[in-house]
Amino acid sequence: MTDNLQYVGGSYPVHDVAQKVTGELVYGSDFSVPGMLHAKLILSAIPHGIVKRIDASRAEALPGVVKVFTCFNSPMDRFCRARIHPGQDLSPHDETLFSEHVRFVGDRVAAVVATTMATAQAAAALVEVDYEELPPLLTVDDALASDDILVHSTGNVAYEHEVDKGERPDLEGAVIVSSATSTPRVHHAALEPHVCIAQGHSTGGMTVWTTSQGVYAARTVIAELLHMEYHRVRVIKVPMGGSFGGKTEYIIEPVVAFLARETHRAVKLLLDREECMIATMARPATRTSIRTACTPDGELLDFEAATTLDAGAYASSTPDYSIHMCKKVTKVYRVPHYQHRSRAVLTNTPVGGAARGWGAPEMAAATEIHMDRVAAALRLDPVELRLKNMVEPFDTDLVTGLPLGDARVRECLERGAVAFDWAARRARPAGRGRFRRGVGVAAGAHKNGMFGAFPEASNMSLKMNEDGTFELNASLHEVGCGIVTTMKVIVAEVLGVHPDRIAAGEADTATTPFDYGTYGSRVTYVVGACARATAEKVKQRLLAAAADLLKESVTHLYVRDGAVRLRHDDERAIAYRDIARLGEMRHVPSIAASVSYFAVSNPASYSVQFAEVEVDCATGLTAVTDFLAVADVGRAINRGMVEAQYQGAVQMGIGYALYEHLDVDERGRSGIDGFKNYHIVNAPDMPDVQVLLVEHEGDDGPFGAKSVGEIATVPTGPAIVNAVNNALGTELSDLPLVPERIIAALHEPEEVPACSSC
Amino acid sequence: MQLLLTVNGMAHEVEAHPTARLLDVLRDQLGLTGTKEGCAEGECGACTVIVDGRAVNSCVMLAVQARGKKIVTVEGLADDGELDLLQRKFVEYGAVQCGYCTPGMLMSAKALLLANPVPSEQDIRIALAGNLCRCTGYTAIVAAVKAASGQDATPAIVLPGEADELAVEASTDPETLAVVDEVVEAATAELAERGAQAPDDLSSAGPEGGE
């Protein structure tokens, strides 16, 4: 089937590229409705306390101010921002629209609604809030040590998870290596800030326009919180300027929906950069200790890990995040015994939650930095050590019990080592002068949807138009990585028409069928498989119609270039538009199909990445001078976009390794309030990123395709950290490797903390 | 206060507050929402426009500072619906993902090419240093700018050709077409006849009914 692909594997721009280069596309932040009001949030100025009084009189006296909503005049029903569907109940409902008990600097206390944005901002500055301060718990250690001060009354440990799989073999004579790695809280930094618009209708219904990754779950959160029937809440996905997980959870949507219902108007809430950084959600900070035992020649015998994750002030998705951190190592390595305890700990700091990779970049950092320590202890080359332990295709994941599918991580490493000229580069001396060079490697794995943990399915329908073009009706959520194009290419391949002959739009709860949304690395693998199945069904209808007309068996027919053709007679063809004419006359049944597709597997996607760095020992600055990302993608549906996704993912990973962090000071405030003090890697600092794709067809995704967007950034951070350690002879393991840490390490080699420190 | 601005070749008289940012006048008063806001402090470059030939961050420029000047926004790049070469190269080279940085990138790159028609790769990277992108890693963007300046560039995306070139206009062979025409004509006639006899029986005309 895939020997002769016509469209799959080509390169295509994102579906709305023409509107993006002309400035025509209306993003959420550009969106407006006549008569629309504007909201501005008032955020807690203290990390922990009780709001005693809010004086909004001066604000409400300002012309143009409609109302100030506060924790004292708004419902205190609780909601959970991290939902998938109504039946799912992993995270607590621990959040309210506005907080009386404020739990971090940035917690929502009130919102001003006014006729203009400027008025809302001016009024917000006039709202006076008095607090009774409580002692804040600003670190995981403080939170774990505290019995009397609680972030939430249920306790400071939001979730605890432990896996213990396999049998620990005899460890006599084994080499024991320990490490402790920390990863920072980071900002997703989608270029478009969070935005939502909601309109309360006089019918009692509501329309919500959101730049989120899942409209159905947004509806669940809104409808349940506001006690509305689902059919009265219409949620529409609008174009968004990036997400990276930061818009997966429903943070401002419930607030805006509430404001719209109360004012019976359209209300827009557009956050500014500082609000996005502190008041939405960040990639959670983590600490992981690992202790391994292996044979003297490098075969892993035992892997024990302990992780604490800083959930911030609300649990959000961190319970699931902490579960998933235990599911990463055994996708990459074979080990007889794997034990991992992870905890999500609440603190009075900005909320941690969904972020690209969902625990995989965090765990890859800990694991891959550790593996280099093991290699050093055994005097083995890091590539050699990894090859001794990596899984083989069709192994079973020890932790999940699920088959790993056609797992090509070993092939990624082997081919990458050759392409990067690893052995020669690793053998090159780092130098002893001011500038020292090093190379590093790291591997990582991620999943393909939620099969195995959750009912994983998608639904869509596809119809042929009267002129032989097609329309796909699916709940697609484009985040910028080209998923609409991906679906069109898959349908195009099946139907033998150019992707431009297929229309596909985005999600709208009123008109497009149920789908969870764009997250969980599920879109290409699951939604794409649904697209293929739907197109196959439509193709059968086209073939049946043509067979009837041509008086031929369906087995003698095939589709290509917009027509059903006869295998044994090149001359005969019936164009789709002529089949459509038959349909118009009702001579053939409607050329359309609806399909519910249920996922049947959840293989691993892999990436192995190689970095070369040059460290300036005088300034502590690290430059990434060369980079190779090898990707087990199964099959590239849109080759150019797969490569471009990887290039962007590496950029994000470089920031994770070297620059980005959102720390809070001793008063619970983030010293970082914008891009002026939060460094995103810019064009001059980006190395040339080579991408090498490993393609095959052994899994259930469309044409063999597997997930790309999340796995792409998983091993980048540790590849760079390992390269720095190679350059300097250090054992750095606290990300990011900012210059201060590099300089400190050059003057005072770090001690390796014991495993129990976590 | 009243300001005269020339935006994308057209003169506009606007009433603006003395503290109004150029960005707000462009977006809110002139409806040119192609220019984006990402940080409000001149760091991300999403709001870049060209003022008298130079790329500026319109979020840190007062509208009054643009008085009497010639401003070009992303909406002014295409000429009568025909994309500028730079825009075409952004499309062909896959330089666009979420696209939120794209307008600013295009304007910084345009200003560069106006001043330096054949920039080196380093020139391009430095010209774009103030334009942040979180999706692409800049590879495809730099390649697109290079290509727009007539230089060889390694494309991240190689478009398989013009869309209409590939979208082969399928045609039905004459023999089959005659059968189709015959069936359609017969069906039309039959429907007309049935319509005359029993107008509400149309739904059962197809072999499987109207599914």
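In this text, all values refer to a predicted model and were calculated from it rather than measured experimentally.

1. What about the overall build of chain A?
- Scanning chain A from N- to C-terminus turns up 19 helices and 26 strands.
- Expected size for 758 residues packed as a compact globule is a radius of gyration near 27 Å; at 27 Å, chain A falls within 12% of this value.
- With the C-alpha coordinates aligned to their principal axes, the bounding extent of chain A is approximately 80 × 75 × 50 Å.
- For chain A, buried positions account for 62% of its 758 residues.
- In chain A, 80% of the contacts between residues at least 6 apart in sequence involve partners at least 24 apart.

2. Here we look at the overall build of chain B
- Scanning chain B from terminus to terminus reveals seven helices and five strands.
- Taken from the N to the C terminus, the helices and strands of chain B come in the order β-β-α-β-β-β-α-α-α-α-α-α.
- Scored against the burial criterion, the 211 residues of chain B give a buried share of 45%.
- Of all intrachain contacts in chain B linking residues separated by at least 6 positions in sequence, the fraction that spans at least 24 positions is 55%.

3. A closer look at the sheet that holds strand β10 (residues 206–210) of chain A
Residue and element names in this part refer to chain A.
- Reading across from one edge, β3-β5-β1-β12-β9-β10-β11 is the order of the seven strands in this open sheet, with mixed pairing throughout. Only two strands of the sheet have a single partner each, and these edge strands are β3 (65–70) and β11 (233–237). Each strand axis lies, on average, 20° off the axis of its neighbour in the sheet, ignoring direction.
- Sheet analysis places strand β9 (residues 195–200) next to β10, joined by five bridges and oriented antiparallel. What sits directly across from Ala-198, in β10, is Val-208.
- Running over the sheet, helix α6 (residues 253–263) touches β1 (37–43), β3, β5 (108–114), β9, β10 and β12 (266–270) and is turned about 30° from β9.

4. Some details on the interface of chain A and chain B
- Listed as interface residues are 68 residues of chain A and, on the opposing side, 67 residues of chain B.
- Contributions of two or more residues to the side of chain A that touches chain B are made by α1 (17–22), α15 (523–550), β22 (569–575), α16 (576–584) and α17 (639–658) of chain A.
- Here the residues of the side of chain A that touches chain B are counted per class, giving 36 nonpolar, 17 polar and 15 charged.

5. Points about the packing of helix α2 (residues 85–92) of chain B against helix α3 (residues 102–115) of chain B
All names here are of chain B.
- Between α2 and α3, the shortest axis-to-axis distance is 10 Å and the interhelical angle comes to 130°. Taken as axis vectors, α2 and α3 run oblique relative to one another. Here the hand of the crossing between α2 and α3 comes out right-handed. Judged by residue contacts, Leu-86, Gln-87 and Phe-90 of α2 engage Thr-102, Leu-106, Ala-109, Lys-110 and Leu-113 from α3.
- Looking at the contact of α2 with α3 residue by residue, the classes come out as five nonpolar, two polar and one charged.

6. Remarks on the pairing of β3 of chain A
Residue and element names in this part refer to chain A.
- The buried fraction of β3 is high, at five of six residues.
- Two elements, β3 and β5, share five bridges in a ladder whose sense is antiparallel. The residue of β5 that forms the bridge with Val-68 is Val-112.

7. Some points on the sheet that holds strand β20 (residues 557–560) of chain A
Residue and element names in this part refer to chain A.
- Here we have three strands laid out as an open sheet, ordered β20-β21-β22, and antiparallel in their pairing. In this open sheet, the two strands that pair with only one neighbour each are β20 and β22. Pairwise comparison of adjacent strand axes, ignoring direction, gives a mean angle of 35° for this sheet.
- Of the pairings in the sheet, the one linking strand β21 (residues 563–566) to β22 comprises four bridges and is antiparallel in character. Following the sheet pairing, Leu-566 is matched in β22 by Asp-569.
- Its contacts with the sheet put α15 on β20, β21 and β22, and the angle it makes with β20 is roughly 125°.
- Relative to the sheet, α16 contacts β21 and β22, its axis offset from that of β22 by approximately 50°.

8. Notes on the domain arrangement of chain A
Residues and elements named next belong to chain A.
- Looking at chain A, the domain boundaries give domain 1 (31–134 + 194–270), domain 2 (360–448 + 601–757) and domain 3 (452–598).
- Inter-centroid distance (C-alpha atoms) of domain 2 to domain 3 is 39 Å.
- Taken together, the contacts link 22 residues of domain 2 with 16 residues of domain 3.
- For the side of domain 2 that touches domain 3, the per-class residue count stands at eight nonpolar, ten polar and four charged.

9. Focus: the environment of Thr-116 of chain A
Residue and element names in this part refer to chain A.
- Note on placement: Thr-116 falls in the loop between β5 and α3 (117–124).
- As for Thr-116 and Ala-504, which are separated by 388 residues in sequence, their C-alpha atoms are 35 Å apart.
- Beyond its immediate sequence surroundings of up to four residues, Thr-116 is in contact with His-38 and Gly-64.

10. Some remarks on the packing of α2 of chain B against helix α5 (residues 139–148) of chain B
All names here are of chain B.
- Interhelical geometry of α2 versus α5 gives an angle of 140° and a closest axis separation of 8 Å. Classified by the angle their axes make, α2 and α5 are oblique. As α2 packs across α5, the resulting crossing turns out to be right-handed. On α5, the residues that touch Leu-85, Leu-86, Lys-89 and Phe-90 of α2 are Ala-144, Ala-147 and Ala-148.
- Split by residue class, the contact of α2 with α5 holds six nonpolar, no polar and one charged.

11. Side note on the domain arrangement of chain B
Residues and elements named next belong to chain B.
- The domain boundaries assigned to chain B delineate domain 1 (2–76) and domain 2 (85–163).
- For domain 1 versus domain 2, the separation of C-alpha centres amounts to 22 Å.
- Facing 15 residues of domain 1, the contacting portion of domain 2 comprises 13 residues.
- Elements with a contribution of two residues or more to the side of domain 1 that touches domain 2: β3 (48–51) and β4 (54–57).
- When residues in the side of domain 1 that touches domain 2 are grouped by element, the largest group, three residues, is from β3.
- Residues that form the side of domain 1 that touches domain 2 fall into these classes: seven nonpolar, six polar and two charged.

12. Description of the nonpolar core
All names here are of chain A.
- Val-112, Val-113, Val-256, Val-409, Val-491 and Ile-720 are the most contacted members of the largest nonpolar core, which has 314 residues in total.
- Take this core: its biggest share by element is 15 residues, from α15.
- The contacts of Val-256, once residues within four sequence positions are left out, are Ala-39, Cys-196, Ile-197, Ala-198, Val-267 and Leu-269.

13. Section: helix α18 (residues 716–728) of chain A
All names here are of chain A.
- Taking 1.5 Å as the rise per residue, α18 with 13 residues should run 18 Å; its terminal C-alpha atoms sit 19 Å apart, in good agreement.
- Among the 13 residues of α18, 13 are classified as buried, and the element is accordingly described as predominantly covered.
- One or two steps after α18, the chain reaches Gly-729, where phi turns positive at roughly 70°.

Conventions we followed
- Residues numbered from 1 in each chain as written.
- Chains lettered and ligands numbered in written order.
- Predicted model: local features only at pLDDT ≥ 70, side-chain atom pairs only at ≥ 80, totals over all residues.
- Helix = DSSP H or I, 4+ residues; strand = E, 2+ residues; numbered from the N terminus.
- Rg over C-alpha atoms; globule rule 2.2 N^0.38 Å.
- Buried ≥ 20, exposed ≤ 12 C-beta atoms within 10 Å, placed from the backbone.
- Contact = placed C-beta atoms within 7 Å.
- Pairing = 2+ DSSP bridges.
- Axes fitted to C-alpha atoms, helices over the stretch in contact; angles between N-to-C directions.
- Nonpolar A, V, L, I, M, F, W, Y, C, P; charged D, E, K, R; others polar.
- Parallel < 35°, antiparallel > 145°, perpendicular 65-115°, else oblique.
- Left-handed = near helix turned anticlockwise from the far one by under 90°.
- Domains from an automatic or database assignment.
- Core = buried A, V, L, I, M, F, W, Y, C linked by C-beta atoms within 7 Å.
- Expected span 1.5 Å × (residues − 1).

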